[in-house]
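Examination of the molecular architecture
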Amino acid sequence: MSYVSDFLIQKYGARWTVVDDSTTTRGYRYVIETEDRDGKNRKIDPADVVMAELKNLPIEITRMLASAELTLLLTSQASEEG
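Note that the coordinates shown come from a computational prediction; the quantities given were computed from them, not determined experimentally. (Residues numbered from 1 in each chain as written. Predicted model: local features only at pLDDT ≥ 70, side-chain atom pairs only at ≥ 80, totals over all residues. Heavy atoms only, no water.)

Things to note about the sheet that holds strand E3 (residues 41-44)
Sheet strands pair by backbone hydrogen bonding; their relative direction is either parallel or antiparallel. Strand order in the open sheet made by the three strands is E1-E2-E3, with antiparallel pairing throughout. For this open sheet the edge positions go to strand E1 (15-20) and E3, each flanked by a neighbour on one side alone. Adjacent strand axes in the sheet meet at a mean angle of 45° when their direction is disregarded. In the sheet, E1 pairs with strand E2 (residues 28-35) via six bridges, with the strands oriented antiparallel. Looking at the pairing, Val18 lines up with Tyr30 of E2. The strands touched by helix H1 (residues 2-12) are E1, E2 and E3; relative to E2, the strand with the most contacts, the crossing angle is about 30°. (Pairing = 2+ DSSP bridges. Helix = DSSP H or I, 4+ residues; strand = E, 2+ residues; numbered from the N terminus. Axes fitted to C-alpha atoms, helices over the stretch in contact; angles between N-to-C directions. Contact = heavy atoms within 4.5 Å.)

Points about the nonpolar core
Across soluble globular proteins, nonpolar side chains have a tendency to be buried as a group. If you look at the biggest cluster of nonpolar residues, it comprises 12 residues: Val4, Leu8, Ala14, Ile32, Ile44, Val49, Val50, Met64, Leu65, Ala68, Leu72 and Leu74. Those elements that provide at least two residues to this core are H1, helix H2 (46-54) and helix H3 (61-71). The dominant element in this core, judged by the number of residues it contributes, is H3, at three residues. Residue contacts for Ala68: discarding those within four places in its chain leaves Val4, Leu8, Ile44 and Val49. (Core = buried A, V, L, I, M, F, W, Y, C linked by side-chain atoms within 4.5 Å. Buried < 20%, exposed > 50% of the residue type's maximum accessible area, 1.4 Å probe, protein only.)

Below, the structure written as structure tokens:
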């Protein structure tokens, strides 16, 4: 989770923020926030990215980082670039 977060912070200027979450005992959680390609704020929980990757063995770090980028709309899909 820290690697995904650090990657997004270093490459895209993302930042940590807190959001309300009634499903947790403390009532909030930490997420990463950044602007997408259109200037809109997007948020992602790095734990969600990692948990999704753990379901797709073998674990591939590159795929995990690409998933985070796509979820935050920081990059286009390969089919859109061509």
